[in-house]
Amino acid sequence: MQQEEEAELMLEQGGIPISQLCNSSVNIDLLQCPICFNILWKPIACGQDRCFSSFCQYCIESWLNQKNAQSTFEEEEETFANESNCPKCKRVFIKTEIPLVKVLLSQIELKCIHSNCTQVIPYADYENHIVNCKERKKQCRGCQQYILQNKLEEHEAQCSQIPVECQKCHKRMPKCDLESKHDKYNCIENLFKVQDQQLENLYTQYLICDDMVNYYEEKIARMMKGDLIALTEYNFFTIFTANYQFTTDNLYIARLVRNSYNYNKQKNDFLHFYVDYYFTTGLEGYEWKCRVIRLRGNLLIGVCSSQLSNSVDFIVNRLGEVKKKEENDNRYHIIRKVNFTFGEGDVIRFQILPFMQCLRITNETRHLTFCFNRNELQEMGDQYFSFFSLEYQGDALQFL
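Summary of the structure given here. (Residues numbered from 1 in each chain as written. Predicted model: local features only at pLDDT ≥ 70, side-chain atom pairs only at ≥ 80, totals over all residues. Heavy atoms only, no water.)

### Let's talk about the pairing of strand β14 (residues 251-256)
Reasoning step 1: As paired strands, strand β13 (residues 244-249) and β14 are joined by six bridges and run antiparallel to one another. What sits directly across from Tyr244, in β14, is Leu256.
Reasoning step 2: Sheet analysis places β14 next to strand β27 (residues 396-399), joined by four bridges and oriented antiparallel. Considered in β27, the bridge of Ala254 is made with Leu397. (Pairing = 2+ DSSP bridges. Helix = DSSP H or I, 4+ residues; strand = E, 2+ residues; numbered from the N terminus.)

### Overview of the packing of aromatic side chains
Reasoning step 1: Counted under the stated rule, the structure contains 26 aromatic pairs.
Reasoning step 2: An angle of 75 degrees between the planes, with centres 5.3 Å apart, marks the rings of Phe388 and Phe399 as edge-to-face. Note that Phe388 is positioned in strand β26 (residues 383-390) and Phe399 in strand β27, a separation of eleven residues in sequence. (Phe/Tyr/Trp six-rings, centres within 6.5 Å; stacked < 30°, edge-to-face > 60°.)

### Here we look at a nonpolar patch on the surface
Reasoning step 1: The grouping of Ile208, Met212, Tyr215, Tyr216, Ile220, Phe355 and Met356 at the surface amounts to a nonpolar patch, some 700 Å² of accessible area in total.
Reasoning step 2: By secondary structure assignment, the location of Met212 is in helix α7 (residues 184-224). (Patch = residues over 30% accessible without salt bridge, like charges linked within 9 Å, V, L, I, M, F, W, Y side chains within 5 Å. Areas by Shrake-Rupley, 256 points an atom, 1.4 Å probe, with all protein chains shown as cover. Salt bridge = Lys/Arg side-chain N within 4 Å of Asp/Glu carboxyl O.)

### Looking at the sheet that holds strand β3 (residues 54-56)
Reasoning step 1: Pairing in this open sheet of three strands is antiparallel, and the strands run β3-β2-β4 from one edge to the other. Each end of this open sheet is capped by a strand with a single partner; those strands are β3 and β4 (95-96).
Reasoning step 2: In this structure, strand β2 (residues 43-46) lies alongside β4, joined through two bridges in antiparallel fashion. Considered in β4, the bridge of Ala45 is made with Thr96.
Reasoning step 3: Sitting on the sheet, helix α2 (residues 57-65) touches β2 and β3, and the angle it makes with β3 is about 95 degrees. (Contact = heavy atoms within 4.5 Å. Axes fitted to C-alpha atoms, helices over the stretch in contact; angles between N-to-C directions.)

### Some remarks on the sheet that holds strand β1 (residues 21-24)
Reasoning step 1: If you trace the three strands from one edge of the open sheet to the other, you get β1-β5-β6, paired in antiparallel fashion. Looking at the sheet topology across the chains shown, the edges are occupied by β1 and β6 (120-122). Averaged over all adjacent pairs, the angle separating strand axes in this sheet is 30 degrees, with direction ignored.
Reasoning step 2: Looking at chain direction, β1 and strand β5 (residues 108-111) are connected through three bridges and run antiparallel. The partner of Asn23 across the bridge, within β5, is Glu109.

### Section: unusual backbone geometry
Reasoning step 1: Non-glycine residue Arg50 carries a positive phi angle of around 65 degrees.
Reasoning step 2: By secondary structure assignment, the location of Arg50 is in the loop between β2 and β3.
Reasoning step 3: Backbone geometry at Phe52 places phi at a positive 55 degrees, although glycine is not the residue there.
Reasoning step 4: In this fold, Phe52 is placed in the loop between β2 and β3.

### Quick word on the side chain of Ser53
Reasoning step 1: Along the chain, Ser53 turns up in the loop between β2 and β3.
Reasoning step 2: Ser53 has contacts with Ile44, Ala45, Cys46 and Lys88, leaving out every residue within four places of it along the chain.

### Structural notes on the pairing of strand β19 (residues 299-304)
Reasoning step 1: Burial of β19 is extensive: six of the six residues sit out of reach of the surface.
Reasoning step 2: The alternating pattern of β19 places Leu299, Ile301 and Val303 on one face and Leu300, Gly302 and Cys304 on the opposite face, and all of these are buried.
Reasoning step 3: Judged from the six bridges that link them, β19 and β26 form a sheet pairing that is antiparallel. Residue pairing across strands places Cys304 opposite Phe385, the latter belonging to β26.
Reasoning step 4: Summarising the sheet, β19 and strand β20 (residues 313-316) pair through four bridges and their orientation is antiparallel. (Buried < 20%, exposed > 50% of the residue type's maximum accessible area, 1.4 Å probe, protein only.)

### Topic: the nonpolar core
Reasoning step 1: Within the largest apolar cluster, 40 residues are counted, with the highest numbers of intra-cluster contacts made by Trp288, Phe372, Phe388 and Phe399.
Reasoning step 2: Setting aside anything within four residues of it in sequence, one finds Trp288 in contact with Leu231, Tyr234, Phe279, Ile348, Arg349, Phe350, Ile352, Leu359, Ser386, Phe388 and Phe399. (Core = buried A, V, L, I, M, F, W, Y, C linked by side-chain atoms within 4.5 Å.)

### Side note on the state of the cysteines
Reasoning step 1: Considering all chains together, one arrives at zero disulfides under this definition.
Reasoning step 2: Cys176 carries a free sulfur, and the closest cysteine sulfur to it, the one in Cys159, is 8.4 Å from it. (Disulfide = S-S within 2.5 Å.)

### With respect to empty space enclosed by the protein
Reasoning step 1: By the definition in use, this model includes one cavity of 30 Å³ or more.
Reasoning step 2: Roughly 30 Å³ of internal volume is contained in the largest cavity.
Reasoning step 3: Residue contributions to the lining of the largest cavity peak at three residues, all from β2.
Reasoning step 4: Residue classes in the lining of the largest cavity are distributed as five nonpolar, two polar and two charged. (1 Å grid on protein atoms, 1.4 Å probe; cavity = no way out; pocket = protein on both sides within 12 Å on 5 of 7 lines; lining within 4 Å. Points joined across faces, edges and corners; volume = space filled by probe spheres on them. Nonpolar A, V, L, I, M, F, W, Y, C, P; charged D, E, K, R; others polar.)

### Focus: the side chain of Gln351
Reasoning step 1: Its place among the elements puts Gln351 in strand β23 (residues 347-353).
Reasoning step 2: In this structure Gln351 comes out as buried when scored by relative accessible area, which is 12%.

This is the structure we're talking about:
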């Protein structure tokens, strides 16, 4: 039976062994796969000009998917780093079919791979015959013997080694053990084992839930006290790497070293940089500070839904104008005016307050406060980023 299983596996993972050839009116050398050297099975050809080599479907797909595949031809010694190359012509494999190959294959007849079958089968009917052959044997799930497939169901209905399940304790065992060894005491013992395992699983889930409850209780208690997570280390991100200079050794300074003049608008463009940390609308509260070291132009302080140009943005500038930019829009539109401003030397505190669901910005030097409110933060989804935009060369912020 091992030989028959290997032959069936070869059909799934390659071609038909030459030994199965019975009658052929064509030169069989023309119908051999160059990879497995068997008779072509479900052939696919390379469509490159002057190639048209045919391969078994499984063989060529395995070749193309294999990294660092080596040629199987004796005259070829090099290794092909590009797994998309045809193993024959070494050019990119273009999948095609050649009708003539199918015509030639239809002219051969094959022997069945099952040892007791004497039928001669045309190539076109070979797969269907192999699957449905009366002499095909399958392995019994119980005793592991090989039985003719058309008698397997009857055999397994009587086989004493077939695994069955006890209807009360649901334990699986051979049928003979269920009938001879599995009494009510074994059944009760198995039921207790199942219940013990269920109780153990429930206790494990309880411990996980208890840890989560403690975690959130501590978090809520910290927020009730007004404790916020203070950011003391910063990373910065910008696409304008030629315009910004960042210092991250003890002094976290962001400086615009080269402005960008817009000749159409006749003014400098605002260039964004981000505090490379995303904030969520959950239970965590954060705070951080920055000092305006130098400011000759304007400064935009904002929040955005992503670090991409198509984000939703809200900003406030030194004139107290709160503006919004819609997704996929490049223009800011004023939505309100607030009593808030800043200048050189000012220290600005940022506080994300989860209970109030807002980002509060306080100019500690001038005692002015402004908030991006709940509705504005909710427009940005589950997370958002803090960003700043400088306008004039030399303008700089230090994060504390």
